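Residue-level structural notes
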Number of protein chains: 4
Amino acid sequence: MKPSATTVAFFGPVGTFTEEALLTEPDLAAAALEPQPTITEVLESVSRGDADLGFVPIENAIEGTVNATLDGLIFDFDLMIQREVVLDIHLHLMAQASTKLSEIRRVVSFPVALAQCRKYLAEHLPQAQAVAANSTADAARELGEHPDAHAAAIGPRVAADLYGLSVLVDDIEDHPDNQTRFVAVAAAGVPRPTGHDRTSIVCFQRADRPGSLHGILGQFAARNINLTKLESRPTKRGLGDYCFVIDLDGHLDDELVGDCLRDLRAGLAEVKFLGSYPAAGQHGPDRRREADDAWREADNWLGALRAQIG
Amino acid sequence: MKPSATTVAFFGPVGTFTEEALLTEPDLAAAALEPQPTITEVLESVSRGDADLGFVPIENAIEGTVNATLDGLIFDFDLMIQREVVLDIHLHLMAQASTKLSEIRRVVSFPVALAQCRKYLAEHLPQAQAVAANSTADAARELGEHPDAHAAAIGPRVAADLYGLSVLVDDIEDHPDNQTRFVAVAAAGVPRPTGHDRTSIVCFQRADRPGSLHGILGQFAARNINLTKLESRPTKRGLGDYCFVIDLDGHLDDELVGDCLRDLRAGLAEVKFLGSYPAAGQHGPDRRREADDAWREADNWLGALRAQIG
Amino acid sequence: MKPSATTVAFFGPVGTFTEEALLTEPDLAAAALEPQPTITEVLESVSRGDADLGFVPIENAIEGTVNATLDGLIFDFDLMIQREVVLDIHLHLMAQASTKLSEIRRVVSFPVALAQCRKYLAEHLPQAQAVAANSTADAARELGEHPDAHAAAIGPRVAADLYGLSVLVDDIEDHPDNQTRFVAVAAAGVPRPTGHDRTSIVCFQRADRPGSLHGILGQFAARNINLTKLESRPTKRGLGDYCFVIDLDGHLDDELVGDCLRDLRAGLAEVKFLGSYPAAGQHGPDRRREADDAWREADNWLGALRAQIG
Amino acid sequence: MKPSATTVAFFGPVGTFTEEALLTEPDLAAAALEPQPTITEVLESVSRGDADLGFVPIENAIEGTVNATLDGLIFDFDLMIQREVVLDIHLHLMAQASTKLSEIRRVVSFPVALAQCRKYLAEHLPQAQAVAANSTADAARELGEHPDAHAAAIGPRVAADLYGLSVLVDDIEDHPDNQTRFVAVAAAGVPRPTGHDRTSIVCFQRADRPGSLHGILGQFAARNINLTKLESRPTKRGLGDYCFVIDLDGHLDDELVGDCLRDLRAGLAEVKFLGSYPAAGQHGPDRRREADDAWREADNWLGALRAQIG
């Protein structure tokens, strides 16, 4: 019995890129893993307290935002991002070992994966019809369970292994540098700053201030805070009504970042905080501390002036 | 011989919201209509000259951008938007007439439509599994051709009519005010200004100017040009590399708009022009002309000064 | 023995507009008054501790900044503005009672006062030569002490009274709405906020950031802080090197103002604080408090988020 | 009869820095020179057509703007700057050859010159009284015509030479790097571009757009146009109402500059054009042409798009 084991819900089934990404993190790989059929159910599971962490894709370099994840974090749940994981994405054409390319009439996969191999399919399998599946793993499982010499699936290598398929062609994705970014979310809590952190927020434009994105960006520019992502999302209140998901270099605990968030919220926008967490990948020299030194000097100066009041 | 008939390719099959939107435009409804299985094939058909116009969804109020359309216009084709059509979206639960709600075990539809009814399904059909189809019309056709007392489809009313299904429940969409915006595209040509026009462009940030969106927005703000849409899209060059699709009030022919586009292109961004076309819906008093009067006065002033040179 | 009497040094001599302005403030009028021959000597007197307060003109609606005052506060002394006084300026032509306008050959005054009556002099006294004096009062005193039927002085009424001259013509200033703004300065201390306060600062551009004024103004704009004055001054380091004297609505003690000053200093500019003090004149509804409510709400939000760290 | 000689009115008398600056320009030195007693009379003389050119000081590195010149160009006359001349300013203490420093009781000069030697006078001639004269030359002339062993004048070397005085001490100015900038103005005409030009304008804020300076500066920033001067001046409509005199690198004929001026005038501010003229001094590589290449490419792009309309 292990009373305190961490439970991690993830967007399943097994055999997808999400599982592959999760397994790159040793502590998550060692946790009790619970695949969920939809992203929403992962987020619900964490929100209800059934799981300690949820692990979901949030963004793909080719397809852009994973709407279910981002909209869940923006509109439906109050969760905090705890870490991010970036995985190189390679898609493989898989089928029964004896299947010949020229005889394939149907290619089954998750629509996003099909879209990412559009050029390959048009060139090499023009006779094949694209068929939607609920996930890349489902496509492989279906084909593994119902062998069909005229069908192939597209998915990660782990899916071929899992469902007894052979990889006919490696790396058929149209854009070879594709990556997907995943996040682990919890019901609350902000990891301590590490010196290379990222912060995610959502800014809602106020209806009476149509040009406010210009002002919002001005706040970051004024403080030399680097933005690594700026995504618009419809607010579901009508065409043309957007919010903006912004990722920035730095941590909530940094004085400059905190100050900026406070000013945004006080004057320009509703702000929803999605988390501060260690940034994936390599980073340049740390601008943040330098900025904070200047801020702290300025704060001391302000304090000394205010001590003269009265 | 058919010397002058207009051919319109659209994202099919028949029985989808796209066809419903197309049929609201009398001149398009009277053209030779050619459904295409994918958005990409619609755009290709126009690009090759096989069709005069292509008609595709570009944006949904709930789901956001239709990636295949926007990415096709941004990256893969050089087409010009000729008009926009906005359609109210209502989704209906349809099945054989004798099917009982309580016996439904599978609900089939296009994933986007399934996602838009998520709350309804969780509340009223918790026992049913969501199953992906290639389109709402395909879901209805499949069920019409293979009757199944335990299955239902989600789609527009035209699909129920077309495939002999009964609408069990009207308007099951979670957000009742949902709309989709469609565009008609041609290989070239810009419609003349009508006084209520919209212009669509794509701005690519220059890699060496990370903060340039702030500057880009400043150009519109400086001219009081109203933006009706601002969407980020990944450029497929790597995570965090974006371009911005911007819709604005006004026409390429307006001096103020032309001037702004020129300045954007000259100094701040690569700009791809996607079209100027009549804006859907009602509009307030025409700001554009007023702005142009001021611009023209300023242009005359500049000309008079320059006449003094030398 | 003079245990507690306040000593006020002012830019003399007696008989000038400065004295007139000072006498409008009852507590200053009741103090021990010490005229000084130059503005610099007033500022030095306060800086050395010989006087508790210094009273000097800082700005005229027609002539602009009084350089000696502003440069003294910016470059040479560290003093704090304690209050401002705004006086309507009327200039009178004064001479011996028997002097006839047509016989006046010389008009003596402080060059600024002569400049402010340029049109009157050109029209009514074209035959008269303008002669510089060290102050309006000196001009009157000189004429009072050395009567001359062909000379007149220009100055405030108090000078005519003081030196036994008659006012030949009232209000000969070219711009009838002229006003001068005076300030009382002390060696240290900031008056408590009254709800209608003004704050004066100097921002020095950093040599390596030539466009920084745009950024500096953006900080105020982002916070909706109203600027009542923006004056450039050469830094005496070379042509084209400026600092900017900025007056804004609000008090150092206001969270929004303090926050803005801190950000300016941290990121954009050297900032010298010249004081927060009650604003002269009438004011509209108090924007400041509203802004602070939003800021405080945002500060609480930030604090609650930060409590989750760790 | 004087068929073609150029007449140049200048701010006299002879023996001032203005004459010294004028004489550095061979073509002006060869013209018919007419000293005028005031700056206003110089500007009037040109405006009436009595003189072809007027030559006046406009800015001193220590004292800042010469108000009479700038206000004349802004408010009272419509003249065009034709060239600028920058002169190093050195002030000398001059007197009868036999005068001893220790016996000087009065130092006479133009108030601005007295102010620029304030520290020298305080240190070396603490016993002397400062006395105002109408110009540095007048001070020297007065002392030359009425020898006084207890008086000295401060002025340029040319004044000592002209009025028979000896320079007792060289270079007594407090700031050794002092310079004054002079301009030659004509009733009309803009010199052709040379590749190193400067343009001077005045922007008047619109009363209903208090934050507009931020927007005005944004127009220059957006085009990377370098500002070499930004001076506020009161508009004489009341305290706190300013206009801004802006000098920028580039010529009215440059497309980028013309475009910027047009946009400023169309949307943000009343703009008064004061001239485009060869810039004094040395300059870096020519940014202007590069910007214009980009602008021209953008203009061609815009033209090609517009050719598709209709």
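Note that the coordinates shown come from a computational prediction; the quantities given were computed from them, not determined experimentally. (Residues numbered from 1 in each chain as written. Chains lettered and ligands numbered in written order. Predicted model: local features only at pLDDT ≥ 70, side-chain atom pairs only at ≥ 80, totals over all residues.)

Structural notes on the relation of the copies chain B and chain D
Where we set the bar: Residues below a pLDDT of 70 in either copy are left out; the C-alpha atoms of the rest, at least 70 in both, set the least-squares superposition of the copies. Here, residue contact means that the backbone-derived C-beta atoms of the two residues sit within 7 Å.
Placing chain B over chain D gives an RMSD of 0.0 Å and needs a rotation angle of 180 degrees, together with 0.0 Å of translation along the axis. On the angle and the small slide along the axis, the relation comes out as a two-fold axis. A share of 100% of the interface residues of chain B reappears at the interface of chain D, consistent with the copies meeting face to face through the same patch.

Overview of the pairing of strand E9 (residues 151–155) of chain A
All names here are of chain A. To keep it simple, the criterion reads: The burial label depends on the number of other C-beta atoms within 10 Å of a residue's C-beta. Counts of 20 or more mean buried, 12 or fewer mean exposed, and intermediate counts mean partly exposed, with C-beta atoms placed from the backbone. Secondary structure elements follow DSSP: runs of H or I of four or more residues count as helices, runs of E of two or more count as strands, with numbering from the N terminus. For two strands to pair, DSSP has to find at least two bridges joining them.
Taken across its five residues, E9 has five buried, putting it largely inside the fold. Residues Ala151, Ala153 and Gly155 of E9 are buried on one face, and the alternating residues Ala152 and Ile154, pointing to the opposite face, are buried as well. Inspection of the sheet shows strand E6 (residues 92–95) paired to E9 by three bridges, in the antiparallel sense. Bridging across to E9, His92 finds its partner in Gly155. Pairing analysis gives three bridges linking strand E7 (residues 106–109) to E9, with the strands arranged parallel. Its bridge partner being in E9, Arg106 is matched across the sheet by Ala151.

Some words on the arrangement of the chains
The smallest C-alpha distance separating chain B from chain C is 12 Å, and no contact links them. One thing to see here is that chain A and chain D don't touch, and their nearest C-alpha atoms sit 12 Å from each other.

Describing the interface of chain B and chain A
Stated formally: Amino acids are sorted into nonpolar (Ala, Val, Leu, Ile, Met, Phe, Trp, Tyr, Cys and Pro), charged (Asp, Glu, Lys and Arg) and polar (every other residue, Gly among them).
Of the residues lining the interface, 39 residues belong to chain B; the matching set on chain A comes to 39 residues. Contributing elements (two or more residues each) for the side of chain B that touches chain A: helix H4 (67–76), helix H5 (111–116), strand E11 (179–186), helix H9 (212–222) and strand E13 (227–234) of chain B. The element contributing the most residues to the side of chain B that touches chain A is E13(B), with seven residues. Considered class by class, the residues forming the side of chain B that touches chain A number 16 nonpolar, 14 polar and nine charged.

Considerations on the environment of Arg83(D)
Residues and elements named next belong to chain D. Relative to the helices and strands, Arg83 resides in strand E5 (residues 80–88). Taking the C-alpha atoms as reference points, Arg83 and Ala186, separated by 103 residues in sequence, lie 9.8 Å from one another. Apart from residues lying up to four places away in sequence, Arg83 is in contact with Ala184, Tyr277 and Pro278.

Describing helix H3 (residues 39–48) of chain D
Residues of H3(D) that are buried include every one of Ile39(D), Thr40(D), Val42(D), Leu43(D), Ser45(D) and Val46(D), and no others. Those residues of H3(D) that are buried are in contact with helix H6 (118–124) of chain C together with strand E1 (7–11), strand E2 (32–36), strand E3 (53–60), helix H4 (67–76) and strand E11 (179–186) of chain D.

Points about the sheet that holds strand E9 (residues 151–155) of chain D
Residues and elements named next belong to chain D. We apply this condition: Note on method: axes are straight lines fitted to C-alpha atoms, helices fitted across the in-contact stretch only, with angles between N-to-C directions ranging 0 to 180 degrees.
What the five strands build is an open sheet, ordered E8-E7-E9-E6-E10; its pairing is mixed. The open sheet has two edge strands with one neighbour each: strand E8 (129–132) and strand E10 (166–169). Adjacent strand axes in the sheet meet at a mean angle of 35 degrees, parallel and antiparallel pairs treated alike. Here helix H7 (residues 136–145) sits on the sheet and contacts strand E6 (92–95), strand E7 (106–109) and E9; the angle it forms with E9, its principal contact strand, is near 150 degrees.

So, the relation of the copies chain B and chain A
Superposing chain B onto chain A takes a rotation of 180 degrees combined with a translation of 0.0 Å along the rotation axis, leaving an RMSD of 0.1 Å. A share of 100% of interface residues in chain B that are also interface residues in chain A marks the association as one of identical surfaces.

What to know about unusual backbone geometry
Following Gly12(A), the chain continues to Pro13(A) via a peptide bond in cis, the omega torsion being 10 degrees. Along the chain, Pro13(A) turns up in the loop between strand E1 (7–11) and helix H1 (17–22). For Asp171(B), which is not glycine, the phi torsion reads 50 degrees and is therefore positive. By the element assignment, Asp171(B) lies in the loop between strand E10 (166–169) and E11.

Points about the nonpolar core
Let me state the cut-off plainly: Definition of nonpolar core: a set of buried Ala, Val, Leu, Ile, Met, Phe, Trp, Tyr and Cys residues joined via C-beta atoms within 7 Å.
In this structure, Ala140(A), Ala153(A), Ala140(B) and Ala153(B) are the most contacted members of the largest nonpolar core, which totals 172 residues. Apart from the residues within four sequence positions on either side, Ala153(B) is in contact with Met94(B), Ala95(B), Val108(B), Ser109(B), Ala139(B), Ala140(B), Leu143(B) and Leu165(B). Within the second largest apolar cluster, 171 residues are counted, among which are Leu53(C), Val85(C), Leu93(D) and Val245(D).

Some thoughts on the interface of chain B and chain D
In this complex, chain B contributes 32 residues to the contact, which on the side of chain D involves 32 residues. At the level of elements, H9, helix H10 (255–268) and helix H11 (287–306) of chain B are the ones that each hand at least two residues to the side of chain B that touches chain D. Split into classes, the residues belonging to the side of chain B that touches chain D amount to 14 nonpolar, nine polar and nine charged.

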